[in-house]
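So the chains spell out like this:
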Amino acid sequence: MFTFKEDLNLLKEKGLRRCLRLLESESSAWFIVDGKRVLNLCSNNYLGLANDERIKGAAINAIRDYGFGSGASRLVCGNMKLHKELEDKLTKFKKSEACLVFNSGYTANIGIISALAKKGDIIFCDRYNHASIIDGIILSRAEFRRYPHKDTVALEYLLKKSSGFRRRFIVTDSVFSMDGDIAPLGKLIEFAKRYDCLFIIDEAHATGVLGESGRGALEYLGLEDKKDSVIQMGTLSKALGGFGAYVCGSRDLIDYLINYSRAFIYTTSLPPTVAAANIKALEIIQEDSSLREKLWDNVKFFKDNLHSLGFDTLDFQTPIIPLITKEPKLTMDFSKRLFDAGVFVQGIRPPTVPKGKARLRITLMATHTTKDLQFALDKIEKIGKDLCLI
Ligand SMILES: Cc1ncc(COP(=O)(O)O)c(C=O)c1O
């Protein structure tokens, strides 16, 4: 008879069993996890907006005006004024023609990809793309080829070999969630044009973080003049500190998704309070660049100091810093010792990252002080030495 325990024990033996940690406070720079006050070095709340007072106020007002739930899916009677306002603001922010909000980044990716791609199509996917992209591809039933991470030579080889498909797609994270590096978007846009592909990017970790105005990777790389050839998906759950996701593109694309995307059609819309909070966050990141500037100052400080310690941190270019520890058990030991010393960094193990590439995924926030970062660096150095990693 099938038992769950067997599989769970197998995971445990390999050092791969996951368990939930309990957050007992706001998700701020210092927070309380499992009863202990620790430095937060692993959230995606890059700008500290998840607990911003202005956003809390907007959310509370929306509850007063619109109640807590939306009551239905968007296409039935759950399309509230705040959803439209959020989409209008996102359209302007991304300088796009139209926008559609989904309930999360995960549902956006499965909803967009499975609506656009079908059996008979082919999708080219960076090997390090987020799991939600892979799940969207599987759901679409299109064929797919994973190309080695950011390897445009390998991708072009695959593109050249792929004739006879109805439609071709290239899909990539713009910022890779576990490696913190940036996709070669200029080259990929060129390929999409040359090989007649639809090109989708996932801006989950770029929105609010990259570019002078926080519009994301196209702004950062000076490629916004090419934006009409890119379907841009992004989340509201990371730098914007809220919940939900968006896709920006042509009016026709958005109308198509409203009609064909099952992950959009068959689910209750975001609570109005979440929409209101997202709207406020969007206003804040557009009106005030100081949080983004502070975040990047923190990245520079941390990067310079961490490099001098001699850890392997791959080639990160963003506030996501992979500190490579290779083996799952060592990774979790490092994470536990850091926690005991007052720093919370999660260990990331296969299958989230490739075998042999387990790591601590360090993420920085605008609300970290230099003193906080130095505190973390000191602990990382000491424990890294104890574990013979440096
Ligand atoms: C690249 C990427 N895409 C999509 C998602 C999913 O977003 P959400 O957490 O809003 O569902 C994540 C979140 O981890 C991500 O890193």
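Residues numbered from 1 in each chain as written. Predicted model: local features only at pLDDT ≥ 70, side-chain atom pairs only at ≥ 80, totals over all residues. Heavy atoms only, no water.

Undergrad: Provide a residue-level description of unusual backbone geometry, including the pertinent values.
TA: Most peptide bonds take the trans form, and the phi angle of most residues other than glycine is negative. Following P350, the chain continues to P351 via a peptide bond in cis, the omega torsion being 10°. Within the secondary structure, P351 is located in the loop between β12 (347-348) and β13 (358-363). Of note in this structure, D34 is not a glycine but carries a positive phi near 50°. Inspection of the secondary structure assignment puts D34 in the loop between β1 (30-33) and β2 (36-40). The backbone of K95 sits at a positive phi, close to 50°, despite the residue not being glycine. Tracing the backbone through its elements, the reader meets K95 in the loop between α3 (81-93) and β3 (98-102). (Helix = DSSP H or I, 4+ residues; strand = E, 2+ residues; numbered from the N terminus.)

Undergrad: I'd like to hear about the layout of surface pockets, residue by residue, with values.
TA: What the largest pocket holds in volume is close to 1300 Å³. Lining the largest pocket are 49 residues, and of these C19, F344, Q346, G347 and I348 lie nearest its centre. Of all the elements in the fold, those that place two or more residues in the lining of the largest pocket are β1, α4 (105-116), α5 (131-140), β8 (231-235), α13 (328-340) and β12. For the lining of the largest pocket, a count of residues per class yields 20 nonpolar, 17 polar and 12 charged. Summarising the domain contributions, the lining of the largest pocket has at least three residues from each of domain 1 (15-44 + 289-386) and domain 2 (53-287). In this structure, the second largest pocket encloses a volume near 410 Å³. In terms of lining, the second largest pocket is formed by 16 residues, of which the most central are N129, A131, R146, P351 and T352. (1 Å grid on protein atoms, 1.4 Å probe; cavity = no way out; pocket = protein on both sides within 12 Å on 5 of 7 lines; lining within 4 Å. Points joined across faces, edges and corners; volume = space filled by probe spheres on them. Nonpolar A, V, L, I, M, F, W, Y, C, P; charged D, E, K, R; others polar. Domains from an automatic or database assignment.)

Undergrad: Could you give an account of the site of the ligand, with specific residues and numbers?
TA: Residues in close proximity to the ligand total 14 residues, the closest being G105, D202, H205, S237 and K238. Separating an oxygen atom of the ligand from a side-chain N or O atom of H205 is a distance of 2.6 Å. One of the side-chain nitrogen or oxygen atoms of S237 is found 2.7 Å away from an oxygen atom of the ligand. For the ligand, the protein covers 84% of the area, taking 390 Å² as the surface of the free molecule. Taken atom by atom, the bulk of the ligand overlaps the largest pocket. Among the elements that make up the shell around the ligand, the one with the highest residue count is α4 (3 residues). Its residues assigned to classes, the shell around the ligand comprises 2 nonpolar, 9 polar and 3 charged. (Near = heavy atom within 4 Å. Polar contact = N/O pair within 3.5 Å; in protein donor to acceptor, adjacent residues only side chain to side chain. Areas by Shrake-Rupley, 256 points an atom, 1.4 Å probe, with all protein chains shown as cover. Sits in = over half its atoms within 2 Å of the grid points.)

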